[in-house]
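# Close look at the chain arrangement
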Amino acid sequence: MQLDPVLNTDGSWRPASDIAKAVVAKQVTALAVTEAALAKIARHNPVLNAFTDVTVGRARSTAKVIDAAIAAGKPVGPLAGVPFAVKNLFDVAGLPTRAGSKINLDRPAAVRDATLVERLEAAGAVLVGALNMGEYAYDFTGENVHYGPSRNPHDTTRMTGGSSGGSGGAVGGNLVPFALGSDTNGSIRVPSSFCGIFGLKPTYGRLSRARSFPFVASFDHLGPFARSVEDLAIIYDAMQGADAEDAACTARAIEPVTGLLGQDIGGLRIAAAGGYFRQNLFPEAKEAVARVTKALGVTKDVELPEAARARAAAYVISTVEGASLHLDRLRTRPDDFDPAVRDRLLAGAMVPAPLVDRAQKFRRWYRSQVLELFKSVDIIIAPATPCIAPKLGQRTFTLDGVEQPVRAHIGIYTQPISFIGLPVVTVPVPLDPMPIGVQIITAPWREDIALRVAWALEHAAIANAPSAKYL
Amino acid sequence: MTDRLDSYIDAVSATLDLPIDDACRPAVRANLDVTLKMARMVDEFPLPDATEPATIYAA
């Protein structure tokens, strides 16, 4: 059976919607598509190090069930036969949920999949494995001392970004058509930027986090990575819905976006983020933002008030909630952590409580100020990262003559946004030699607007997921 | 501040029953110093008394 309906001539995946149509039309079987994904993983993962677990038997079984349903004339979902993988903080039945750690390998295997995995498989998608990540998601690099670094498919000497590093590498490197990750302070948007793919961090509370390993309950979001905006939308729609097993998950009705993508964006009020978001940028980040704002006809900046303080408050809440989560493990197994993660968490355990309360009160104030901004604009454009992917192991870079620590600096433009749970689509701008992302930010619960703007940028050839040179 | 921060780390470590190995103490101290600077940035910002925390959060 030919794979032409699901693979482009350069070996990259065709969009998920095309793959599902080909499977439903019996032009290719779900099993053949799954085998193609498994072959790609076997060939490229030894270098990319995106996968920590490949669920070969499960994937083949799932694919056979889909093929049998199609043969019997039964309905299958919009992702029929589309392979995908998840960051290894999602529960996958039969696997211990590593969350990037060595410690969690000692936990019993999960007995049930995470809600989002269940929903995607109900839509016909085929889980093929679990993906590498920074330890306990406290990471912007994609490096991992226990399992080795995820490697950037556009230059394997560079970082994928983190903490969803394997998700970025697996989709950027075309091992799978799409993947899931998590974003607490930027962990979907940073790998999307560095690996040249589309990423959606929905509104806080939009998608269920049930049966995923947490980091910072106040900020944790789950979301998809894909190679096109339409794929992001289809995947997102398949995952929406209330879930009583996640206390933060909204009870709002499902708001599908896939059918809305082509709507005209001419009436939208679009501005660029000024001030804080115009500082500390490498030329590539400036160029990417300039291309996007020019294409959208943006003529004005808006200022997110006190963005630097918002980032500081996000930093404080993250380290304290992270420390609280891991307190017992810090007491009993300190030597089994990545030392860099452990030492940040130990410090987080020592922050006086009133300062944390102040940060949560500041968060409420900042939210009200930013929501006020959204009365006069619909979309805010901002850089996703200050730079293209740094080299693996790189500790510092020099910006405007000042040496800055890489790890702490990567998330400076993402943290003030996730701090108040705003939805963001990160679009890849295919600069040469390395891509870089731009954030399309909108008001809570308006993922539809951000996706429409991203779709327009993709169809204007300003944003796209470039083929990986490594492949 | 050096002595006060070291003493503070000792006191919290004992109170929380959270041992800090000597080898990692300099890194913990450096991280705490950065975190407290961040917290101070937030603390300096005046907020009305009636401001609610965002602990239970809905976007």
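Reference entry: report on the structure contained in this document. Per-chain numbering applies: the sequence of each chain, read as written, is numbered from 1 onward. Going through the entries in the order they are written, you letter the chains from A and number the ligands from 1. Note on the predicted model: pLDDT of at least 70 is required for a residue's local features to be given, and 80 or more for side-chain atom pairs to be given and counted; whole-chain, interface and lining totals, by contrast, use all residues.

## Overview of helix α2 (residues 25-43) of chain B
- Numbering of helices and strands runs from the N terminus; a helix is a DSSP stretch of H or I covering at least four residues, while a strand is a stretch of E covering at least two. Expected helix span is computed as 1.5 Å times (number of residues minus one). The first and last C-alpha atoms of α2(B) sit 26 Å apart over 19 residues, in line with the 27 Å expected at 1.5 Å per residue.
- Three exposure classes are used, all based on how many other C-beta atoms lie within 10 Å of a residue's own C-beta (placed from the backbone): buried at 20 or more, exposed at 12 or fewer, and partly exposed between those limits. Along α2(B), the residues classified as buried are V28(B), R29(B), N31(B), L32(B), T35(B), L36(B), M38(B), A39(B), M41(B) and V42(B).

## Topic: the sheet that holds strand β6 (residues 221-226) of chain A
Residues and elements named next belong to chain A.
- The sheet built from eleven strands is open, its strands ordered β1-β3-β2-β4-β6-β5-β12-β13-β9-β7-β8 with mixed pairing. Only two strands of the sheet have a single partner each, and these edge strands are β1 (51-54) and β8 (301-302).
- Strands are labelled as partners when DSSP assigns at least two bridges between them. Inspection of the sheet shows strand β5 (residues 198-201) paired to strand β12 (residues 424-429) by three bridges, in the antiparallel sense. What sits directly across from G199, in β12, is T426.
- Against the sheet, helix α2 (residues 30-48) makes contact with β1, β2 (83-87) and β3 (126-131), and its axis sits at roughly 20° relative to β3, the strand it touches most. In this description, a residue-residue contact is defined by the distance between C-beta atoms placed from the backbone, which must lie within 7 Å. Helix axes are fitted to C-alpha atoms over the stretch in contact, other axes to C-alpha atoms as well, and angles between N-to-C directions run from 0 to 180 degrees.

## Details of the interface of chain A and chain B
- Facing the 38 residues of chain A at the interface are 28 residues of chain B.
- Sort the elements by how many residues they give to the side of chain A that touches chain B and helix α11 (residues 353-373) of chain A lands first, with eleven residues.
- Of the residues contributing to the side of chain A that touches chain B, the split by class is 19 nonpolar, seven polar and twelve charged. In this classification, the charged set is Asp, Glu, Lys and Arg, the nonpolar set is Ala, Val, Leu, Ile, Met, Phe, Trp, Tyr, Cys and Pro, and all remaining amino acids, among them Gly, are polar.

## Some words on the pairing of strand β11 (residues 402-405) of chain A
Residues and elements named next belong to chain A.
- One ladder, built from four bridges, connects strand β10 (residues 396-399) with β11; its direction is antiparallel. Residue F397 lies in a different strand from β11, and its bridge partner there is Q404.
- Hairpin connection between β10 and β11: a loop of two residues separates the two successive antiparallel strands, and D400 in this loop has a positive phi of roughly 50°.

## Some points on the nonpolar core
Residues and elements named next belong to chain A.
- A set of buried Ala, Val, Leu, Ile, Met, Phe, Trp, Tyr and Cys residues, joined through C-beta atoms within 7 Å, is what we mean by a nonpolar core. Counting residues in hydrophobic clusters, the biggest one holds 160 residues, and the most contacted among them are A85, A179, V316, I381, I440 and A454.
- The leading source of residues in this core is helix α9 (residues 307-332), at eleven residues.
- Not counting residues within four places of it along the chain, the set of residues in contact with A85 comprises F51, L127, V128, G129, A130, L131, A170, V176 and A179.

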